[in-house]
Structure formats: C-alpha cells, structure tokens
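# Per-entry structural report
The primary structure of each chain is shown beneath.
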Amino acid sequence: MSAQPDHAPVTPYAPAPGAPAELLAQLRADERAAQWVPAFEREWSAALEESRRTFSLAGLYEVVQVWQGRIASAPAVDAFVASGYDDSEFIDMAELRGRRR
C-alpha cells in the first residue's frame, strides 16, 4: 500500500517559498515594470483564486515558472530586437492559409 493518494497529481516543479516575492521584486526593477508587474499580478491573482477552488498549487507554480522564463529570456529577446534583424522575408501563415481557400 502506498501512503500517497492515487488521485493527487504530482507537481514536477515546486518553487522556493519566497520565489513569488523575489520574482515580483525582479519585475519591479525591470525597465518593463509598467507592463510586466500588472500582468504578473493579474495572472497571480487568477491562479490564487483557482488554487483556493481546487486546493492545488499547480497554477501558482506555473505562473512563477512562466514568469521566471520570461525574465530569463528577456536579455536574449532585447539583443535580437536591437540587432536590427531583417524580417522582410517573414511569411504570414494566416495570410497564406487564406489564399488556399
């Protein structure tokens, strides 16, 4: 017999207890704070309400993980945009699909 309930999902990622507060501090210090802080707070609030209804922390963990990824990838995105990339060869797939009809 197992002591673990078989209906409880196993969460693959569990942030440190202070991760949300640290993340919010990083967001507030970023140059994108005006856009990112309200977006994070909206997502966090929605996940918190979901957590209260479902008794699951998975949504909260996901918000932290997604925002950690956004912060981690922001310098690479900034460098790409600053590099003067040429997107004139961009193919609009939606437009291409519309032509086929």
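On a predicted model such as this, the values are computed, not experimentally measured, just so you know.

### Let's talk about unusual backbone geometry
Negative phi is the rule for most residues except glycine; trans is the rule for most peptide bonds. Although it is not a glycine, Phe 55 sits at a positive phi angle of roughly 60°. For Phe 55, the position within the fold is in the loop between helix H2 (33-54) and helix H3 (58-82).

### Considering the packing of helix H1 (residues 19-29) against H2
With their axes 8 Å apart at the nearest point, H1 and H2 run at an angle of 155° to one another. Classified by the interaxial angle, the pair formed by H1 and H2 is roughly antiparallel. Mapping the contact onto sequence places Pro 20, Leu 23, Leu 24, Leu 27 and Arg 28 in H1 and Ala 33, Trp 36, Val 37, Phe 40, Glu 41 and Trp 44 in H2. A breakdown of the residues in the contact of H1 with H2 according to their chemical character gives nine nonpolar, no polar and two charged.

### Quick look at H1
Note: α-helices contain 3.6 residues per turn, so residues at a spacing of three or four share the same orientation. Inspection of H1 places Ala 19, Pro 20, Leu 23, Leu 24 and Leu 27 among the buried residues, and these make up the whole buried set. Buried residues of H1 fall within an arc of 130° about the axis and therefore sit on the same side. The exposed residues of H1 that point more than 90 degrees off its buried face are Ala 21, Glu 22, Arg 28 and Ala 29. Buried residues along H1 sit against H2 and H3.

### A look at the packing of aromatic side chains
Inspection of every chain in the model, using the stated rule, returns three aromatic pairs. On the numbers, 5.8 Å between centres and 75° between planes, the contact of Trp 36 with Trp 67 is edge-to-face. Residue Trp 36 is found in helix H2, and its partner Trp 67 is found in helix H3; the two are separated by 31 residues along the sequence. For Trp 36, a relative accessible area of 16% gives the class buried.

### Some words on the pattern of salt bridges
For the coordinates displayed, the defined rule picks out six salt bridges. Its salt-bridge partner being Glu 41, residue Arg 28 comes within 3.5 Å of it at the nearest N-O pair. Of this pair, Arg 28 sits in helix H1 while Glu 41 sits in helix H2, and the two are 13 residues apart along the sequence. With relative accessibility at 52%, the residue Arg 28 sits in the exposed group. The partner of Arg 70 in a salt bridge is Glu 43, and the shortest N-O contact between them spans 3.4 Å. Here Glu 43 lies in helix H2 and Arg 70 lies in helix H3, a separation of 27 residues in the sequence. With a relative accessible area of 29%, Glu 43 lands in the partly exposed category. Among the charged side chains, a salt-bridge network with shared partners connects Asp 30, Arg 32 and Asp 78.

Here is what the cut-offs are and how they apply
- Residues numbered from 1 in each chain as written.
- Predicted model: local features only at pLDDT ≥ 70, side-chain atom pairs only at ≥ 80, totals over all residues.
- Heavy atoms only, no water.
- Helix = DSSP H or I, 4+ residues; strand = E, 2+ residues; numbered from the N terminus.
- Axes fitted to C-alpha atoms, helices over the stretch in contact; angles between N-to-C directions.
- Parallel < 35°, antiparallel > 145°, perpendicular 65-115°, else oblique.
- Contact = heavy atoms within 4.5 Å.
- Nonpolar A, V, L, I, M, F, W, Y, C, P; charged D, E, K, R; others polar.
- Buried < 20%, exposed > 50% of the residue type's maximum accessible area, 1.4 Å probe, protein only.
- Arc of directions from axis to C-beta.
- Phe/Tyr/Trp six-rings, centres within 6.5 Å; stacked < 30°, edge-to-face > 60°.
- Salt bridge = Lys/Arg side-chain N within 4 Å of Asp/Glu carboxyl O.

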